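Residue strings, one per chain:
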Amino acid sequence: MKITMTDKGLRVPDHPVIPFIEGDGVGCDIWPVAVDIFDHAVEKAYGSKRSVEWKEVYAGGKAHEKTGEWLPSETFDAIREYLVAIKGPLTTPVGEGFRSINVTLRQGLDLFVCLRPVKYYPGVPSPVRHPERVDMVIFRENTEDLYAGLELPAEDGKTGMVIDYFKKEFGWVIKPDSALGLKPISISGSERLVREAIRYAIKHGRRSVTLVHKGNIMKHTEGGFLRWGYELARREFGDQVVAESEISGEVPEGKIVMKNVIVDAFLQQIILTPDQFDVVATMNLNGDYISDALAAQVGGIGIAPGGNINFNTGHAIFEATHGTAPQIAGKGIANPGSLVLSGKLMFEYLGWNEAAEVIEKGFSAAVLKGREEKRVTSDMVPFLENARAVSTKDFGRSIIDCM
Ligand code: NAD
């Protein structure tokens, strides 16, 4: 049965078909382990009442071998049809003119939110003293900004024409040997991102939504994002939010606080006082840096989950956020954590919260385990007390045993 989108949101049958892309490199190590964990979690949560019918679709190296294409149209069509998919990492072949498969999927399905929850799991090695103070959910805009791919190379005739045009029309002086990039930030793109961040905060009982920007320097683009974000909050969520600047004393009961921070200050504050932030909404480039910086802080760079979502059409692709790790691919030693926790995020998106909780419980108990010896993949061993390196499969087994 297919997952469908209705006026009231996603309609998820009890036995949905979910396409998956195994992924390149360590994909063949982590996918079989992750899917076993997902099936166990669903069974534990719902017995035989619910199950997932996994449908393999191809992209990356496996697709290229089978069809000669890196992203066959059948794969794209299947994800469009079944709405929700999950994937392992994909190789982006180096070379001019090759468009990243990830970017093609995100743009083709207009997956405008990159959702990155960042939270600490006790027992996971972290470089900071109080990683437990980090519990944020990043909404990163996924389709605009300097990442839109609108670039012109240096010393090219067309670039020269653009440089001349700017000089003539705006009086802008740009060095003639410059490369150029365009930073589109639209009202509609900013509004749909901030809207979903606020809806998320309301639905999950979060305290605040912080808009992160560099509007003091980039006044029209990042400053626009900030202004449109506040205007939208007031217009569409007036009785549910309150701007931080309007609060004197206690936050009014039940209201979500709208705040904003300049991105460089934000990068300091997430190290010094991360507990002041909750849901965060930002543009593509800031979001890229922030997500990885925060993931590192909770020790989760190898286990950070992610999802790319269009909340209007329902389309979503959940994915391991690390790459293909070619050095360890096929050895059966990769950490499946990022894909496993992305699956947890996917089940939450589907409204299967009980299955999501079972996965989270299994994962955190497997890395915590008190005085018992922890059986984890080798990347985590140097940072944990009383831990032994085991294979991807055995770590997966340990997660299932702890569910
Ligand atoms: P990488 O994430 O593959 O590797 C960085 C380091 O982390 C390596 O030391 C690697 O061994 C380790 N690592 C990564 N995942 C791990 C896991 N699950 N368990 C244990 N250790 C792990 O990044 P890279 O080397 O920059 O990129 C390799 C390839 O992956 C490139 O082709 C790149 O384009 C691609 N990539 C894909 C995605 C994606 O599909 N979402 C993301 C990033 C990179």
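This one's a predicted model, so the numbers in the text were calculated from it and none came from an experiment.

(A) Layout of the site of the ligand. Taken together, 19 residues surround the ligand, and among them Leu90, Asn102, Gly323, Ala325 and Asn335 come closest. Leucine 90 has a polar backbone atom sitting 2.8 Å from an oxygen atom of the ligand. With respect to the ligand, the backbone of glycine 323 contributes an N or O atom lying 2.7 Å from an oxygen atom. For the ligand, whose unbound accessible area comes to 820 Å², protein coverage reaches 62%. The residue inventory of the shell around the ligand, partitioned by class, reads 7 nonpolar, 9 polar and 3 charged.

(B) Here's a closer look at helix H4 (residues 101-108). What H4 keeps buried is the set Ile101, Asn102, Thr104, Leu105 and Arg106. Of the surrounding elements, those touching the buried residues of H4 are strand S3 (17-21), helix H3 (73-82), strand S5 (84-87), strand S14 (305-309) and strand S15 (316-320). Positive backbone phi, at 50°, marks aspartate 110, one or two positions downstream of H4.

(C) Layout of the nonpolar core. One finds Trp54, Phe139, Phe347 and Leu350 to be the most contacted residues of the largest nonpolar core, which totals 96 residues. At 10 residues, helix H1 (residues 27-46) tops the list of elements feeding residues into this core. The residues contacting leucine 350, other than those within four sequence positions of it, are Ile3, Leu10, Val12, Ile18 and Val84. One finds Val57, Ile79, Leu90 and Leu105 within the second-largest nonpolar core, a separate group that totals 16 residues.

(D) Region of the structure containing the pattern of salt bridges. In this structure the tally under the stated criterion is 26 salt bridges. Here glutamate 236 ties to arginine 195 by a salt bridge, and the two come within 2.8 Å at their closest N and O atoms. Placement of the pair is glutamate 236 in helix H7 (residues 222-237) and arginine 195 in helix H6 (residues 187-203), with a sequence separation of 41 residues. For arginine 195, a relative accessible area of 19% gives the class buried. Ionic pairing is found between lysine 344 and glutamate 348, a salt bridge with its closest N-O pair at 3.1 Å. Of this pair, lysine 344 and glutamate 348 both sit in helix H10 (residues 337-350), 4 residues apart, roughly one helical turn. By relative accessible area, which is 12% here, lysine 344 ends up buried. Glutamate 348 sits in the partly exposed class, given a relative accessible area of 29%. When salt bridges that share partners are traced, they join Lys119, Lys344, Glu348 and Glu360 into one network.

(E) Highlighting the packing of aromatic side chains. Overall, the coordinates contain 19 aromatic pairs when judged by the stated rule. In this structure, arginine 50 packs its charged tip against the face of tyrosine 46, placed 4.5 Å from the ring centre.

(F) Representation of the packing of H1 against H10 within the structure. Packing of H1 against H10 leaves a shortest axis separation of 9 Å and a crossing angle of 40°. What the angle tells us is that H1 and H10 run oblique. Relative to H10, the crossing made by H1 is right-handed. Across the interface between the two elements, Ile30, Trp31, Ala34, Ile37, Phe38 and Val42 from H1 touch Leu339, Val340, Gly343 and Phe347 from H10. Across the contact of H1 with H10, the residue classes tally to 9 nonpolar, 1 polar and no charged.

Cut-offs applied
- Residues numbered from 1 in each chain as written.
- Predicted model: local features only at pLDDT ≥ 70, side-chain atom pairs only at ≥ 80, totals over all residues.
- Heavy atoms only, no water.
- Near = heavy atom within 4 Å.
- Polar contact = N/O pair within 3.5 Å; in protein donor to acceptor, adjacent residues only side chain to side chain.
- Areas by Shrake-Rupley, 256 points an atom, 1.4 Å probe, with all protein chains shown as cover.
- Nonpolar A, V, L, I, M, F, W, Y, C, P; charged D, E, K, R; others polar.
- Buried < 20%, exposed > 50% of the residue type's maximum accessible area, 1.4 Å probe, protein only.
- Helix = DSSP H or I, 4+ residues; strand = E, 2+ residues; numbered from the N terminus.
- Contact = heavy atoms within 4.5 Å.
- Core = buried A, V, L, I, M, F, W, Y, C linked by side-chain atoms within 4.5 Å.
- Salt bridge = Lys/Arg side-chain N within 4 Å of Asp/Glu carboxyl O.
- Phe/Tyr/Trp six-rings, centres within 6.5 Å; stacked < 30°, edge-to-face > 60°.
- Lys NZ or Arg CZ within 6 Å of the ring centre and 35° of its normal.
- Axes fitted to C-alpha atoms, helices over the stretch in contact; angles between N-to-C directions.
- Parallel < 35°, antiparallel > 145°, perpendicular 65-115°, else oblique.
- Left-handed = near helix turned anticlockwise from the far one by under 90°.

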